[in-house]
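Architecture and fold: a report
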Amino acid sequence: MIFDQARWTADDDERYEPLLSEKADREVEIEDSPLPDELTRDSLSLPDPAEPELARHYTRLSQMNYGVENGPFPLGSCTMKYNPSFTETIAAREDAAIHPDRPESTMQGTLALCHRLQDYLGRIGGMDAVTLQPPAGAAGEFTGIQIAKAYHQHNDDERSEVVIPDSAHGTNFATAAMAGYEVVELPSDDDGRVDVDALSAAVGEETAALMLTNPNTLGLFERDIEEIADVVHDAGGLLYYDGANLNALLGRARPGDMGFDVMHYNVHKTFATPHGGGGPGAGPVGVTEELAEFLPDPHVREVSGGYEHYAPEHSIGKVHGYYGNWPVLVKAFAYIARLGDAGLADASAKAVLNANYLAEQISYDVPFGPFHHEFVASAAPQDAADAAKRMLDYGVHPPTTKWPEIVDEALMTEPTEAESKRSLDQLAAAFDAVAEEDDATLASAPERPAAKRIDQVVAAREPRLSWQALGE
Ligand SMILES: *Cc1c(COP(=O)(O)O)cnc(C)c1O
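Definitions and cut-offs
- Residues numbered from 1 in each chain as written.
- Predicted model: local features only at pLDDT ≥ 70, side-chain atom pairs only at ≥ 80, totals over all residues.
- Heavy atoms only, no water.
- UniProt positions renumbered as here; feature names shortened; annotations may be inferred.
- Patch = residues over 30% accessible without salt bridge, like charges linked within 9 Å, V, L, I, M, F, W, Y side chains within 5 Å.
- Areas by Shrake-Rupley, 256 points an atom, 1.4 Å probe, with all protein chains shown as cover.
- Salt bridge = Lys/Arg side-chain N within 4 Å of Asp/Glu carboxyl O.
- Helix = DSSP H or I, 4+ residues; strand = E, 2+ residues; numbered from the N terminus.
- Pairing = 2+ DSSP bridges.
- Axes fitted to C-alpha atoms, helices over the stretch in contact; angles between N-to-C directions.
- Contact = heavy atoms within 4.5 Å.
- Buried < 20%, exposed > 50% of the residue type's maximum accessible area, 1.4 Å probe, protein only.
- Arc of directions from axis to C-beta.
- Phe/Tyr/Trp six-rings, centres within 6.5 Å; stacked < 30°, edge-to-face > 60°.
- Core = buried A, V, L, I, M, F, W, Y, C linked by side-chain atoms within 4.5 Å.

Going by what an unreviewed UniProt entry lists, the protein chain is known as glycine dehydrogenase (aminomethyl-transferring) and is assigned to Haloarcula limicola. We quote the UniProt Catalytic activity (unreviewed entry) comment for the protein chain here in full: "N(6)-[(R)-lipoyl]-L-lysyl-[glycine-cleavage complex H protein] + glycine + H(+) = N(6)-[(R)-S(8)-aminomethyldihydrolipoyl]-L-lysyl-[glycine-cleavage complex H protein] + CO2".

Observations regarding a nonpolar patch on the surface
On the surface, Leu 54, Tyr 58 and Leu 61 cluster together into a nonpolar patch covering about 260 Å² of accessible area. For Leu 61, the location among the structural elements is in helix α1 (residues 51-63).

A short note on the sheet that holds strand β8 (residues 262-265)
Across the sheet, which stays open at both edges, the seven strands sit in the order β3-β9-β8-β7-β6-β4-β5 with mixed pairing between neighbours. The open sheet has two edge strands with one neighbour each: β3 (129-131) and β5 (182-186). Neighbour-to-neighbour, the strand axes of this sheet turn through a mean angle of 20 degrees, independent of strand direction. Here helix α4 (residues 137-154) sits on the sheet and contacts β6 (207-212), β7 (238-243), β8 and β9 (285-287); the angle it forms with β7, its principal contact strand, is near 170 degrees. Against the sheet, helix α7 (residues 225-234) touches β6 and β7, its axis set at about 135 degrees to β7.

Brief notes about helix α5 (residues 170-178)
Within the span of α5, buried status applies to Asn 172, Thr 175 and Ala 176. One side of α5 carries all its buried residues, which in axial view fall inside an arc of 95 degrees. The inward-facing, buried residues of α5 contact α4, β4 (161-165), β5, β6 and β7. Downstream of α5 by a residue or two, Gly 180 has a phi angle that is positive, lying close to 90 degrees.

Section: the packing of aromatic side chains
Taken as a whole, this structure holds eight aromatic pairs when the rule is applied. Geometrically, the ring pair formed by Tyr 120 and Phe 333 is stacked, given 5.4 Å between the ring centres and 5 degrees between the ring planes. Note that Tyr 120 is positioned in helix α3 (residues 108-125) and Phe 333 in helix α10 (residues 326-361), a separation of 213 residues in sequence. Of the two residues examined, Tyr 120 and Phe 333, each falls in the buried class. Between Tyr 364 and Phe 431 the ring centres are 6.2 Å apart and the planes differ by 75 degrees, which places this aromatic pair in the edge-to-face class.

Here's the deal with the nonpolar core
In terms of nonpolar packing, the biggest core is built from 53 residues, with Leu 199, Tyr 265 and Phe 271 touching the most fellow members. Sorting the residues of this core by element identifies α3, α6 (196-202), β6, α7, β7, β8 and α10 as the ones contributing at least two each. At nine residues, the largest contribution of residues to this core is made by α10. In terms of nonpolar packing, the next biggest core, distinct from the first, is built from 35 residues, Met 80, Ala 387, Leu 411 and Leu 427 among them.

Brief notes about the sheet that holds strand β13 (residues 400-401)
Read from one edge to the other, the open sheet built from three strands follows the order β12-β14-β13, with strand pairing classed as antiparallel. A strand with exactly one partner marks an edge of an open sheet, and here the two such strands are β12 (375-378) and β13.

Let's talk about the UniProt feature "domain: Aminotransferase class V" (unreviewed entry) in the protein chain
Sequence positions flagged by UniProt for "domain: Aminotransferase class V" (unreviewed entry) are, in local numbering, residues 147-276. Helix makes up 32% of residues 147-276 and strand 20%, and the two end C-alpha atoms of the span are 27 Å apart.

Printed below as a string of structure tokens:
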């Protein structure tokens, strides 16, 4: 399948669809203002589009974008599943968005939703208590490691190191460093899993925690997880579970049962909410009974006749305002309630089946296996980033590239349960077409989207986030 993306160009300009602010054609006089003169202006230019112009503007912008509503989006580790729109309808209800400073007695429904979501997530992860506050997976990691740190300090047991496998997500290393720990990096064994001997050698009296995701970022289940948990616990450390890969285990296995003490859930990956471009998300954190009194404040609990906030006894404090990123949590609640136990287990089964089917279909080498919800193919001798750009020309979003580094020119691919066999076959055809192409074609790709190859380094390091910067 070839994909030609719409491209809307202003007549007098190389650039695409002009911003509304560039079409400003109404001068508004500002008369009375309660603010001091130096803070106000006399007039303001505002765009004044007719309704059809406005509708066309946003439709055109959406046509120059690529999302899961355009085609498959197998961005590994990110779980870019299609999110059913009923969750949006529920989150948009007026009674789903009340001011959190209202008296508790007038917001019992909201508190009940918090409490039920805490309970659902606790049961899904095998955890005794859950906070909804952290606004992203990375924020959940930071919260979880702060809880681990507070626990050790409470026991007068200062520790200085966090152990992390080399296949882990970059946020794990950043979290440990931001929390003031030395990072001890653990090499994977030849199978792509944790090497238990290397782990035993790395942990000791200074180990505050091991951070691990299971299945790992290669999509491989850590079969020795019980032994791994024993090694860390025997040394007095805690086990942190990076929940980004929970889509592989949903309704089938629980981190709490594997020996993990604290975990985050990437609600925006596993339980609906479109994400990307930095948000919005939510990263609730689950803990065992032993750690529950260290959770952020406020926490929601059930009391006779209703629900209330309270501050856990040894709380680490606030990590975000109120209960967290609220509409994202409402969507997660709606998604879990609609799917139920059987639906969640079915989702993980299909996610795993789809990853294994796709891994079998493609001609790129896939060095490890068998997989759970994702697999890592090797584009070598092609450059993985160039191959990924070319996939856009075939109407599919590329996989995650060049990570984990243990696979040469990695294409980390996660089709998710949302794709049908038809779209998996489309994906496989795109991979295979790109696998046949020469370096020159790949280096100049993509040809067909509205935006050609952009300078990713400049885009990341020198973003121009204001329309005013366009004129500079
Ligand atoms: C996405 C991800 C994270 C970080 O989560 P955010 O919600 O993006 O902050 C951590 N670990 C893994 C394995 C991930 O895929």
